[in-house]
Amino acid sequence: ISTDPTKRVRASFGGYYFDQTDEGQTGALSLRTATDRLGLAPGNTLTIENKALFGTLDFDMSDALTVSLEGRYQEETKGRQEFGGGTTATYDESVTFDDFVYKAILSYDINEDFSTYGSYARGVKPGGVNGSIGVASGDEFYEPENVDAFELGLKGRFLDSGRFTLSAYLNDISQYQLTTPVAAVAGGNVNSVATNQGNAEIMG
């Protein structure tokens, strides 16, 4: 839902729903029958459900200065089932995360050819479930990754058809998610899980 975009104060509101299921299958000689020559059995099943409400508000403080505010509340649930080659789940867990993310932008038109802006945003990458491999290594679940993002920019045009954009940014990340190698549940192979590995900064 959006208000009149030609007005000095403008707003929009909306909702979002996402539902995904990935169902795997495995084949095992021990499961072969006269009617099922492939010996198919359920494989890992991964689910994601995301529900969100969001809104924006833009306000022209003058002909040259505009303030924009954005916000989003979301709930995401991730699930994982493992069957271990059989027909009954040997692992079945899910985890839910609630987050509120937001953004503020201040933009200023210097003249007809140049404009500048500054923005701050709070973002999130939801956590999840590593499964039985994570249970063995003490990393069954992993937490959301959060970022505080700052940006300053300048946009302009020249010689009628030329355009340029300059920007500087800093992303301050906490609970940084990384893929981490761990020993397999059985045998000498190496598997990997997602873990939270401290903080990080990205700038440019």
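These numbers come from a predicted model, not from an experiment. Residue positions are given per chain, counting from 1 as you read along its sequence in written order. Under the rules for a predicted model, residues below a pLDDT of 70 receive no local features and side-chain atom pairs below 80 are neither given nor counted, while totals for whole chains, interfaces and linings still include all residues. In computing side-chain values, all of the structure's heavy atoms are included and hydrogens and water are not.

### Focus on the packing of aromatic side chains
Centre distance and the angle of the planes are the two values used to describe a pair of aromatic rings. Centre distance within 6.5 Å is the pairing criterion for rings of Phe, Tyr and Trp, where only the six-membered ring of Trp is used; planes under 30 degrees apart are then read as stacked, over 60 as edge-to-face, and the remainder as tilted. Overall, the coordinates contain 5 aromatic pairs when judged by the stated rule. Ring centres of Y102 and Y120 lie 6.1 Å apart, and the angle between their planes is 50°; this geometry places the pair in the tilted category. Here Y102, found in strand β4 (residues 91-109), pairs with Y120, found in strand β5 (residues 114-125); they are 18 residues apart in sequence, far enough to count as distant. Ring geometry for F114 versus F164: centroids 5.9 Å apart, planes at 55°, classification tilted. With F114 in strand β5 and F164 in strand β9 (residues 162-174), this pair connects stretches of sequence that are 50 residues apart. Joined through ring pairs, the aromatic side chains of F100, Y102, Y120 and F150 make up one cluster. Numbering of helices and strands starts at the N terminus; helices are DSSP runs of H or I of at least 4 residues and strands are runs of E of at least 2.

### Quick notes on a nonpolar patch on the surface
A cluster of nonpolar residues, V9, L57, F59, M61 and L69, forms a patch on the protein surface that exposes about 410 Å² of accessible area. One can find V9 in strand β1 (residues 9-27). In this scheme, patches are assembled from residues that exceed 30% relative accessible area and form no salt bridge. Like charges are connected within 9 Å, while nonpolar side chains (Val, Leu, Ile, Met, Phe, Trp, Tyr) are connected within 5 Å. Here, Shrake-Rupley sampling with a 1.4 Å probe gives the accessible areas, and only protein chains in the shown set may cover a residue. The term salt bridge refers to a pairing of a side-chain nitrogen on Lys or Arg with a carboxyl oxygen on Asp or Glu at a separation within 4 Å.

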